[in-house]
Amino acid sequence: MLSQAIISGRRISGHIMTLFLFTKSDMLTVLIPITLFTFVAAHHPNMTRIPDTIIWIWLHLLKHDIYNQIQDPEEDKKNKPYRPLPAGRITAQNAADVRWLLVPVCLIFSAMYGSKALACSAFIEALSILYNEFGGDKSGLSKNLLTAIAYAAFELGATVMIGSSIDKVGARAVTFNFVMFATTLHAQDFKDEEGDRLAGRRTLVTLFPTFARMSMMISIPLWSLYLSRLWKMDLVCSVAFIAYGTIVGARFMVYRTASAHKKSCKLYSVSDLKFENSTY
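Residues numbered from 1 in each chain as written. Predicted model: local features only at pLDDT ≥ 70, side-chain atom pairs only at ≥ 80, totals over all residues. Heavy atoms only, no water.

**Student:** Is there a simple way to explain helix α6 (residues 92-111) in this structure?
**Tutor:** In an α-helix, one full turn covers 3.6 residues, which means residues spaced three or four apart are oriented alike. Between its terminal C-alpha atoms α6 stretches 29 Å, which fits the 28 Å expected from 20 residues at 1.5 Å a residue. Listing the buried residues of α6 in full gives Ala95, Ala96, Arg99, Leu102, Val103, Cys106, Phe109 and Ser110. (Helix = DSSP H or I, 4+ residues; strand = E, 2+ residues; numbered from the N terminus. Expected span 1.5 Å × (residues − 1). Buried < 20%, exposed > 50% of the residue type's maximum accessible area, 1.4 Å probe, protein only.)

Set out below in structure tokens:
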């Protein structure tokens, strides 16, 4: 009995790890920033709903990530070999079954918290289908635009999930984040450049690499400067804020190896956390 329980426990933990690995690369870029934004944006959060909110974000992220990763598993052998499909932890068919099982799970879970949460869930699913099924990820413009809209939908849905409403200030913060993401999100494409070229994906990085690098070197410091002025930071904080943005932006122009791109993307993700929680 004990040995069977241990074996069952290992199997369950293995399945949980497989699900986690689908979303591992998006924890720092999606789950954590949106969770923090929700805590900042919600005026009267229901603290008992914090676990529900995090689960809601992660389930929708998991659903999209599985959908995206079953499109071209071969690409991840180059970019992210630890992911479940290239690592052989799950078959493409089983992954597809899990993805479609998650659709009603997410909708039902959202409906438990009201029509607004349900509407956000359905909208995120529609964006995911456009992104993965209709080539939304094949063009740099549509990829950035759809991803930025998805971030906004996640932020709105998570705010509703935690029991708060979106006022004018919150709506402005969501809109501001959308514009910021839409103009800088191609930072994440640098680390996937080789795989994107192999897959024939026309991102800003693969089509106009020099322009893409220059845009990062200019846009991140400018956003840092604008935000420091908007929120009337003191001199020390403003200098630190702008200096970090300048260093991150310059890295994309100066360092051009695959390992450097991964480091730059991580630093960009930290700047995302900084931007997202300073726009409110």
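So that's the structure; there's more coming.
**Student:** Can you walk me through the pattern of salt bridges in this structure?
**Tutor:** Think of it this way: side chains of opposite charge can pair up when their charged atoms draw near. Applying the stated criterion to the full structure yields 4 salt bridges. For Lys63, the salt bridge goes to Glu125, with nearest N and O atoms at 2.7 Å. Taken as a pair, Lys63 in helix α3 (residues 50-69) and Glu125 in helix α7 (residues 115-133) lie far apart in primary sequence, 62 residues in all. Across the pair, exposure class does not vary: Lys63 and Glu125 are buried alike. Here Arg83 and Asp76 are joined by a salt bridge, their closest N and O atoms 3.0 Å apart. For Arg83, a relative accessible area of 8% translates into the label buried. One salt-bridge network, in which partners are shared between bridges, spans Lys63, Arg99 and Glu125. (Salt bridge = Lys/Arg side-chain N within 4 Å of Asp/Glu carboxyl O.)

**Student:** Would you mind showing me how to read a nonpolar patch on the surface here?
**Tutor:** Together, Leu28, Ile32, Leu36, Phe39, Val40 and Val270 make up a nonpolar patch on the protein surface, roughly 420 Å² of accessible area in all. Broken down by element, the nonpolar patch gets its largest block of residues, 5 residues, from helix α2 (residues 27-41). Of note, Val40 is situated in helix α2. Of the residues examined, Val40 reaches a relative accessible area of 36% and is grouped as partly exposed. (Patch = residues over 30% accessible without salt bridge, like charges linked within 9 Å, V, L, I, M, F, W, Y side chains within 5 Å. Areas by Shrake-Rupley, 256 points an atom, 1.4 Å probe, with all protein chains shown as cover.)

**Student:** Where do I start with the nonpolar core in this structure?
**Tutor:** One recurring pattern in soluble globular proteins is that nonpolar side chains are buried together. In terms of nonpolar packing, the biggest core is built from 46 residues, with Trp56 and Tyr268 touching the most fellow members. Once residues lying within four places of it in the same chain are set aside, the contact partners of Tyr268 are Phe181, Thr184, Leu185, Ala187, Gln188, Met216, Ile220, Val248 and Phe252. (Core = buried A, V, L, I, M, F, W, Y, C linked by side-chain atoms within 4.5 Å. Contact = heavy atoms within 4.5 Å.)

**Student:** Looking at this structure, I do not really get α3. What am I missing?
**Tutor:** Taking 1.5 Å per residue, 20 residues should reach 28 Å; α3 reaches 28 Å between its end C-alpha atoms and fits that length. Of the residues making up α3, those classed as buried are Thr53, Trp56, Ile57, Leu59, His60, Leu61, Leu62, Lys63, Asp65, Ile66, Tyr67 and Gln69.

**Student:** I'm lost on the packing of helix α12 (residues 209-230) against helix α13 (residues 235-254) in this one. Help?
**Tutor:** A packed helix pair is summarised by two numbers, namely the angle formed by the two axes and the spacing between the axes. Running from N to C, α12 and α13 point in directions that differ by 170°, and their axes come no closer than 7 Å. Looking at the two axes, α12 sits roughly antiparallel to α13. On α13, the residues touching Arg213, Met214, Met216, Met217, Ile220, Pro221, Ser224, Leu225, Leu227 and Ser228 of α12 are Ser238, Phe241, Ile242, Gly245, Thr246, Val248, Gly249, Ala250, Phe252 and Met253. (Axes fitted to C-alpha atoms, helices over the stretch in contact; angles between N-to-C directions. Parallel < 35°, antiparallel > 145°, perpendicular 65-115°, else oblique.)

**Student:** Please explain a positive patch on the surface as it appears in this structure.
**Tutor:** The grouping of Lys24, Lys262, Lys263 and Lys266 at the surface amounts to a positive patch. One can find Lys266 in helix α14 (residues 258-276). (Lys, Arg positive; Asp, Glu negative; His and termini not counted. Charge placed at Lys NZ, Arg CZ, Asp CG, Glu CD.)

**Student:** Please explain the side chain of Glu125 as it appears in this structure.
**Tutor:** Judged by relative accessible area, which is 9%, Glu125 ranks as buried. A polar contact is formed between the side chain of Glu125 and the side chain of Lys63, at a distance of 2.7 Å. If sequence neighbours within four positions are ignored, Glu125 has contacts with Lys63, Arg99, Trp100 and Val103. (Polar contact = N/O pair within 3.5 Å; in protein donor to acceptor, adjacent residues only side chain to side chain.)

**Student:** What am I meant to see in the packing of aromatic side chains here?
**Tutor:** Aromatic rings considered in pairs are described by the distance between their centres and by the relative angle of their planes. In total, this model carries 8 aromatic pairs according to the counting rule given. On the numbers, 5.1 Å between centres and 45° between planes, the contact of Phe190 with Phe252 is tilted. Remark: Phe252 occurs in helix α13 and Phe190 occurs in the loop between α9 (168-184) and α10 (193-198); sequence separation between them is 62 residues. A single burial state applies to Phe190 and to Phe252, both of which are buried. Over the aromatic face of Tyr82 sits the side chain of Lys24, whose NZ or CZ is 4.6 Å from the ring centroid. Across the ring face of Tyr67, the terminal group of Arg99 is positioned such that the distance to the ring centre comes to 3.8 Å. (Phe/Tyr/Trp six-rings, centres within 6.5 Å; stacked < 30°, edge-to-face > 60°. Lys NZ or Arg CZ within 6 Å of the ring centre and 35° of its normal.)

**Student:** Would you take a moment to explain the environment of Thr210 for this structure?
**Tutor:** Inspection of the secondary structure assignment puts Thr210 in helix α12. On the basis of relative accessibility, which here comes to 48%, the residue Thr210 falls in the partly exposed class. Along the primary structure Thr210 and Asp26 are separated by 184 residues, whereas in three dimensions their C-alpha atoms are 26 Å apart.

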